[in-house]
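Spelled out from the first residue to the last, the chains are:
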Amino acid sequence: MNHLVAQWYEEKENVDEMHNWNPGLKEWEQSVAGFFPSHASVLDIGCGLGREAFALSDLGHAVVGIDISKEVILQVKQISSEKGYHIPFYEYNGELLDFPAEAFDVVVIWAQTFGLLYGNKYKKDYLAECKRVLKKGGLLSFSTHDYHYLKEKYPNCLCGRKFYPYFNAEIYWETFEATDLMRFANQAGMDVVLCEKGNIYRPEDGTILHCLCKK
């Protein structure tokens with residue numbers, strides 16, 4: 001786990017910012033969820049304050065959420081209890097998924113969390129872990145920041161392929177092209193189902209990239 005990322009998400013003010021995010025699934029997430037089998041077992045990696053987990057549970061899926069942040073898990077457990085959900089949420093070390101092989105039908109790494117796995121080796125090893133916990137024929141969906149969109153709209157926040165959305169903060173998200181995502185999926189031995197730009201809520205919100213692949 002990168003200490004820069006871990007430190008950022010242990011700061012209560014950075015976690016509290018998630019309370020202001022729109023609830024429910026984004027447009028592209030709704031589309032991807034249409035590929036999931038009914039009543040799927042879903043591992044939500046980087047669960048944050050439960051936006052995706054609650055929405056996927058509402059669709060009838062059995063969700064488990066994990067995150068690297070103690071502060072996140074503390075808050076999301078409280079929110080889950082207040083909302084009446086029975087979703088397990090666990091802290092983990094950001095590298096190893098503490099689940100048996102073939103435990104899940106679906107693994108999601110949404111909210112552009114993939115861009116916080118700094119370095120190609122980390123991402124390669126991480127996707128191998130995701131594949132391990134997927135059942136045969138299981139689905140992996142991951143999203144990233146779109147390099148070309150950010151280069152056009154927010155060039156001042158880019159340093160090469162690194163996106164710095166917070167002024168005077170060291171944390172950054174790696175950015176990608178669609179061919180990058182397909183390459184990572186193929187290196188993990190996964191079959192790419194789709195890899196495309198995705199809409200968020202409104203056109204002015206811009207686009208992200210996402211890849212759906214199958215074990």
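Residues numbered from 1 in each chain as written. Predicted model: local features only at pLDDT ≥ 70, side-chain atom pairs only at ≥ 80, totals over all residues. Heavy atoms only, no water.

## So, helix 5 (residues 70-83)
As a reminder of what qualifies: Helix and strand assignments follow DSSP, with helices taken as H or I runs no shorter than four residues and strands as E runs no shorter than two, numbered in order from the N terminus. Multiplying 1.5 Å by the residue count of a helix minus one yields the expected span of that helix. Think of it in three bands: with a 1.4 Å probe and only protein chains considered, a residue is buried below 20% of the maximum accessible area for its type, exposed above 50%, and partly exposed in between. Contacts: residue pairs with any heavy atoms within 4.5 Å of one another. Whenever a nitrogen or oxygen atom comes within 3.5 Å of another N or O atom, the pair is scored as a polar contact, on the condition that within protein one atom can donate a hydrogen and the other can accept it, and that pairs from neighbouring residues in sequence are kept only if both atoms are in side chains.
An ideal rise of 1.5 Å per residue puts 20 Å on 14 residues; helix 5 measures up with 20 Å between its terminal C-alpha atoms. Of the residues making up helix 5, those classed as buried are Glu71, Val72, Ile73, Gln75, Val76, Ile79 and Ser80. For helix 5, the elements touching its buried residues are helix 2 (12-16), helix 4 (51-58), strand 2 (62-67) and strand 3 (89-91). Near the N-terminus of helix 5, the side chain that reaches the backbone nitrogen of glutamate 71, with its oxygen 3.2 Å away, is that of serine 69. Glycine 84 sits one or two residues past helix 5 and shows a positive phi near 85°.

## Observations regarding unusual backbone geometry
Non-glycine residue glutamate 102 carries a positive phi angle of around 55°. As for its placement among the helices and strands, glutamate 102 is situated in the loop between strand 3 and strand 4 (104-109). Its relative accessible area of 47% is what places glutamate 102 among the partly exposed residues. Residue asparagine 168 is not a glycine yet carries a positive backbone phi of 60°. If you trace the backbone, asparagine 168 turns up in the loop between strand 7 (162-163) and strand 8 (173-176). Relative accessible area serves as the criterion here: at 71%, asparagine 168 is assigned to the exposed category.

## Some words on helix 4
Buried residues dominate helix 4, accounting for six of its eight residues. Arg51, Glu52, Ala53, Phe54, Ala55 and Leu56 are the residues of helix 4 that are buried. In this structure, the buried side of helix 4 is in contact with helix 3 (27-33), strand 1 (41-45), strand 2, helix 5 and strand 3. Following helix 4 by one or two positions, glycine 60 has its phi on the positive side, about 100°.

## Quick notes on the pairing of strand 10 (residues 207-214)
The criterion, for reference: The pairing criterion for strands is at least two bridges between them, as found by DSSP.
The element strand 10 is extensively covered by neighbouring structure, given that six of its eight residues are classed as buried. As judged from the eight bridges shared by strand 9 (residues 191-199) and strand 10, these two strands associate in the antiparallel manner. What sits directly across from leucine 194, in strand 10, is leucine 212.

## With respect to the nonpolar core
The condition is simple: Side-chain atoms within 4.5 Å link the members of a nonpolar core, which is a set of buried Ala, Val, Leu, Ile, Met, Phe, Trp, Tyr and Cys residues.
Core analysis: the largest hydrophobic core is formed by 77 residues, its most contacted members being Leu43, Ile45, Leu97 and Leu140. Each residue touching isoleucine 45, except ones within four places of it in the same chain, is listed here: Ile66, Tyr92, Leu97, Val107, Val108, Ile109, Trp110, Tyr126 and Cys130.

## Overview of the packing of aromatic side chains
Inclusion rule: Any two rings among Phe, Tyr and Trp, with Trp reduced to its six-membered ring, count as a pair given centres within 6.5 Å; such a pair is stacked if its planes are under 30 degrees apart, edge-to-face if over 60, and tilted if neither. Two limits define a charge over a ring: the Lys NZ or Arg CZ must be within 6 Å of the ring centre, and within 35 degrees of the ring normal.
Tallied over the full model, the rule gives 15 aromatic pairs. Between phenylalanine 114 and phenylalanine 176, the aromatic rings sit 5.7 Å apart at their centres with planes inclined by 45°, giving tilted as the arrangement. Of this pair, phenylalanine 114 sits in the loop between strand 4 and helix 6 (120-133) while phenylalanine 176 sits in strand 8, placing them 62 residues apart in sequence. The exposure classification of phenylalanine 114 matches that of phenylalanine 176, with both residues buried. Between tyrosine 166 and tryptophan 173 the ring centres are 6.2 Å apart and the planes differ by 45°, which places this aromatic pair in the tilted class. Residue class for tyrosine 166 comes out partly exposed when judged on its relative accessible area of 27%. Linked through ring pairs, Phe114, Phe142, Phe176 and Phe184 together constitute an aromatic cluster. Positioned above the aromatic ring of tyrosine 147, the side-chain terminus of arginine 161 is 4.6 Å from the ring centre. The ring of phenylalanine 184 carries the charged tip of arginine 183 above its face, separated from the ring centre by 5.3 Å.

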